[in-house]
Amino acid sequence: MSQLDPDHLNAQRLAGIAPAATAPAQPLDPQTGDGTLIDTPGVRPPLVLNNRGIGDITSIVAGYAENAPPKWWLPAFLTAFGIAQLGGAMILYLVITGIGTWGLNNQVDWAWDITNFVFWIGIGHAGTLISAILCLLKQKWRTAVNRAAEAMTIFAVICAATFPGIHIGRQWMAWFLPPIPNSNAIWSNFRSPLLWDVFAVSTYGTVSALFWFMGMVPDFATLRDRADARLRRNPEGPIVLPFLPVRTDQLRAYIYGFLALGWRMSGRHWHRYEAAYLILAGISTPLVLSVHSIVSFDFATSVMPGWHTTIFPPYFVAGAIFGGFAMVLLLLIPCRELFANMKDIITLRHIDNMAKILLATGMMVGFAYSMEFFIAWYGGNKNELFAFVNRATGPYWWAYWTMITCNVLSPQLFWSKKMRTNVVAVWIVALLVTIGMWFERFVIIVTSLHRAFLPGEYHMFHPTLVDIGIFVGSFGTFMTLFLLFLRFLPVFPIAELKAVLPQASPHHHDDDHGKGNGHGHGHSTNTHGKHAAGGH
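A.B. asks: Would you take a moment to explain the packing of helix 4 (residues 112-123) against helix 10 (residues 312-338) for this structure?
C.D. replies: Two packed helices can be described by the angle between their axes and the distance between those axes. Where helix 4 contacts helix 10, the two axes come as close as 7 Å, and the packing angle between them is 70°. Between helix 4 and helix 10, the angle is such that the two are roughly perpendicular. Crossing handedness for the pair helix 4 and helix 10: right-handed. Of helix 10, the residues touching helix 4 (which contributes Val 118, Gly 122 and Ile 123) are Phe 316, Ala 320, Gly 323, Gly 324 and Met 327. Of the residues contributing to the contact of helix 4 with helix 10, the split by class is five nonpolar, three polar and no charged.

A.B. asks: What is the right way to read the packing of aromatic side chains from this model?
C.D. replies: Each aromatic ring pair is characterised by the separation of its centres together with the angle its planes make. Scanning all chains against the criterion turns up 49 aromatic pairs. Centre to centre, the rings of Phe 374 and Trp 377 are 5.9 Å apart; their planes meet at 45°, and the pair counts as tilted. Of this pair, Phe 374 and Trp 377 both sit in helix 11 (residues 348-379), separated by three residues, roughly a single helical turn. Judged by its relative accessible area of 39%, Phe 374 falls in the partly exposed class. Their ring planes at 15° and their centres at 5.6 Å tell us that Phe 374 and Tyr 378 sit as a pair that is stacked. Taken together, the residues Phe 374 and Tyr 378, both in helix 11 and four residues apart, mark about one turn of the helix. Given the relative accessible area of 61%, Tyr 378 is considered exposed.

So, how was this worked out
- Residues numbered from 1 in each chain as written.
- Predicted model: local features only at pLDDT ≥ 70, side-chain atom pairs only at ≥ 80, totals over all residues.
- Heavy atoms only, no water.
- Axes fitted to C-alpha atoms, helices over the stretch in contact; angles between N-to-C directions.
- Helix = DSSP H or I, 4+ residues; strand = E, 2+ residues; numbered from the N terminus.
- Parallel < 35°, antiparallel > 145°, perpendicular 65-115°, else oblique.
- Left-handed = near helix turned anticlockwise from the far one by under 90°.
- Contact = heavy atoms within 4.5 Å.
- Nonpolar A, V, L, I, M, F, W, Y, C, P; charged D, E, K, R; others polar.
- Phe/Tyr/Trp six-rings, centres within 6.5 Å; stacked < 30°, edge-to-face > 60°.
- Buried < 20%, exposed > 50% of the residue type's maximum accessible area, 1.4 Å probe, protein only.

All quantities given are derived from atomic positions and should not be read as evidence of function.
Listed below in structure tokens is the structure:
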């Protein structure tokens, strides 16, 4: 071993180059065939199936970025990219023509734009919750879903940030949103919740991006080492393009090496990494609560009936977690069906746990719906009571009852374990919740504005094709970024997955100790404690 790389063997094992141990056999549930759902005292259910060893985890996760994509990936990417271009064309038409291309009017001056903004910010909450709060609570099951959820956070914030920039009417003046000193001495109103949004969302996006990138640094080093090892074995490997004489593995080694920031699997690196990860988790945790609370202040600090209520901050936070987890399930359930070996990592226990969170947060949201009516009646304010009765019985009654059906009634299926472990049922409920959470924001905004204080101000809102096109285009942008993430970046945290394997424990032994591959389970994991298993 050289002085420059004191953990060479450890790095080789983490990169899947050196042989690693295999896991002991695991019991299976007779009904589902999934060994993660066994509820037997004294038996710890595994978090990874099919007896996967440390080397298997590296090969599977790195393979998603190294191997050719599945046949469905390119058509799906081109479709999503085309939809994103449609949204971009609608935004360009909006900028050229003006905000009158939307269905807004003098009374309903907020509608789909702010609805979509709050919707996308809510989608991004699941990533930080899974990564930060569940990390602080030592929930090991988060390891299979946290990377994808973090990626969703970044992509959702990008989609959300689009709408404040284009709904102001004069988009070229959007630079006035942040408090930038200028020669006209025009400063932002620091007492406005709209400015608080700018600070909250930008801080949330920055911390989430740092959290996401830092978690991938060890995995970038693994992909770098694997590409370098293949290049050394086969210097005449495939090139990127016929007219570009650069080896694919050479390009991978350079790109992943740049992103790895000099990581070399040393104990000092792991020590610093764990400390920084914990600090970022501690910083991110209050952001989960503060960001959507501040978004709710856009409404709660006004005097508009239906908005002027103190329940909005906890109500919005619970709803954001609710919708965010639904989107995680909506995307990861198809992924585990379409990608090879992903069912071994995203197991029925993960889906069962997230379904329980959907049930809990759905009941919180349902409680908030009922409390809104109760407080409006108890407060004795006729305008407030009319606003909520109008939601349920007025012209937009269909939107209100769609919200109730999707957000309150559909998650009640998850009282049954059979439903929580039925991936089709969970996916359908997640889809309904995603639809319901969009309608929740629509109901809050539009139904409160279209029937204000004076009957002479009553007005209906009808979306235009530009409204619809920009919203659909935001989904295209989101899916384009998510498909690129699935193709080129490590979808799972390799080190964290290895840390939850039985072989990661220094006390792990089995009957085949030292057989098969020349490395016993104990020897393969205690060279540097948990770091040899890739844990942090």
